[in-house]
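Listed here are the chains, written in short residue letters.
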Amino acid sequence: MVELFVTPMDNILAVKRTRNHMKENVLDVLTYMFESYFEEVDAVFNRETLLEELVEVGFEHSEVEKAFNWLADLPTSHEDLELTSPNGHAIRIYCPWESKKLDLNCQGYLLELEQMGILTPAIRELVIDRVMALETDEISIDQLRWVCLIVLYNLSGSELPYNWLEDVIMDLSSSHIH
């Protein structure tokens, strides 16, 4: 946020930068948190301290709270998923509001992850649920990759190496994994 004020001495207009509002939505907060904090395997976070730190770097208090709530709605284990997996011949049909938020590239990316065995149908549905919970009209493929990474990391209970997950999810090309 930038404040304009007039100095009393010489009526010169000055610009005062009060805070760096570089982040504007829940996914930005989640991405920042994941990049900055979740690589530490045994880290324990105090919600209030983390909230203060995130506000200090420029996130809005309300967006940080929404990010915390988004994370709180994630199951922490596969046992917490209450979905039954469809048989191998089932096809996922996206409803209109899902298709509006997840374009064909995003839908294809989820299908590819599922075909590779990285996502189960239940986890795919959880990813879609978490995407739909974001307050945005549409999501880019890069944003979807972050949602997948956060969901998978959370479900793995940190059992999967972060670097492996990041490589698989972030570097997935349309033809193969490096």
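Draft legend 1. Quick look at the overall build of the chain. Across its full length, the chain holds eight helices and two strands. Along its sequence from the N terminus, the chain presents helices and strands in the succession β-β-α-α-α-α-α-α-α-α. Per-residue burial over the chain gives 38% buried out of 178 residues. For the chain, the exposed surface amounts to about 10,800 Å²; the carbon and sulfur share of it is 52%.

Draft legend 2. How the structure looks around the packing of helix α1 (residues 26–37) against helix α3 (residues 61–72). Look at α1 against α3: their axes get within 8 Å of each other, and the N-to-C directions meet at 70°. Considering the angle they form, α1 stands roughly perpendicular to α3. Note on element contacts: α3 touches α1 through Glu63, Val64, Lys66, Ala67, Phe68, Trp70 and Leu71, opposite Val26, Val29, Leu30 and Met33. Of the residues that constitute the contact of α1 with α3, the class distribution is nine nonpolar, no polar and two charged.

Draft legend 3. Representation of the packing of aromatic side chains within the structure. Tallied over the full model, the rule gives three aromatic pairs. A ring pair is formed by Phe34 and Trp146, whose centres lie 6.0 Å apart and whose planes are at 75°; its orientation type is edge-to-face. Placement of the pair is Phe34 in helix α1 and Trp146 in helix α7 (residues 141–156), with a sequence separation of 112 residues. Residues Phe34 and Trp146 agree in their burial class; the two are buried. When the ring centre of Tyr94 is taken as reference, the NZ or CZ atom of Arg92 above it lies at 4.6 Å.

Draft legend 4. View of the pattern of salt bridges. For the structure shown, the criterion picks out nine salt bridges. Of the charged contacts, one joins Arg92 and Glu98 as a salt bridge, the two residues approaching to 3.0 Å between their closest N and O atoms. A relative accessible area of 22% means that Arg92 is categorised as partly exposed. The salt bridge partner of Glu125 is Arg92, with a shortest N-O separation of 2.5 Å. Of this pair, Glu125 sits in helix α6 (residues 121–132) while Arg92 sits in the loop between α3 and α4 (96–101); the two residues are 33 residues apart in sequence, bridging distant segments of the chain.

Draft legend 5. Examining the side chain of Gln107 more closely. Looking at where Gln107 falls in the secondary structure, it is placed in helix α5 (residues 104–115). The residues touching Gln107, leaving out its near neighbours within four places in the chain, are Tyr94, Ser99 and Leu102.

Draft legend 6. Spatial organisation of the packing of helix α2 (residues 47–56) against α3. At a closest axis distance of 9 Å, the pairing of α2 and α3 adopts a crossing angle of 135°. As the angle between them shows, α2 and α3 are arranged oblique. The handedness of the crossing between α2 and α3 comes out as right-handed. Counting all contacts with α2, which are made through Arg47, Leu50, Leu51, Leu54 and Val55, the residues of α3 involved are His61, Val64, Glu65, Phe68 and Asn69. Counted by class, the contact of α2 with α3 contains six nonpolar, two polar and two charged residues.

Draft legend 7. Expanded view of the confidence of the model for the chain. Looking at the chain as a whole, the pLDDT averages 75, with 62% of positions reaching at least 70. Confidence, read as mean pLDDT per element, is least for strand β2 (residues 13–17) in the chain (29) and greatest for α4 (96). A low-confidence stretch, residues 1–23 stays under pLDDT 50, and its non-local contacts, those more than four residues away or across chains, total 38 contacts. Low confidence marks residues 173–178, where pLDDT is under 50. Its contacts with residues over four positions away, or in another chain, come to eight contacts.

Scoring rules and cut-offs
- Residues numbered from 1 in each chain as written.
- Predicted model: local features only at pLDDT ≥ 70, side-chain atom pairs only at ≥ 80, totals over all residues.
- Heavy atoms only, no water.
- Helix = DSSP H or I, 4+ residues; strand = E, 2+ residues; numbered from the N terminus.
- Buried < 20%, exposed > 50% of the residue type's maximum accessible area, 1.4 Å probe, protein only.
- Areas by Shrake-Rupley, 256 points an atom, 1.4 Å probe, with all protein chains shown as cover.
- Axes fitted to C-alpha atoms, helices over the stretch in contact; angles between N-to-C directions.
- Parallel < 35°, antiparallel > 145°, perpendicular 65-115°, else oblique.
- Contact = heavy atoms within 4.5 Å.
- Nonpolar A, V, L, I, M, F, W, Y, C, P; charged D, E, K, R; others polar.
- Phe/Tyr/Trp six-rings, centres within 6.5 Å; stacked < 30°, edge-to-face > 60°.
- Lys NZ or Arg CZ within 6 Å of the ring centre and 35° of its normal.
- Salt bridge = Lys/Arg side-chain N within 4 Å of Asp/Glu carboxyl O.
- Left-handed = near helix turned anticlockwise from the far one by under 90°.
- pLDDT = per-residue confidence, 0-100.

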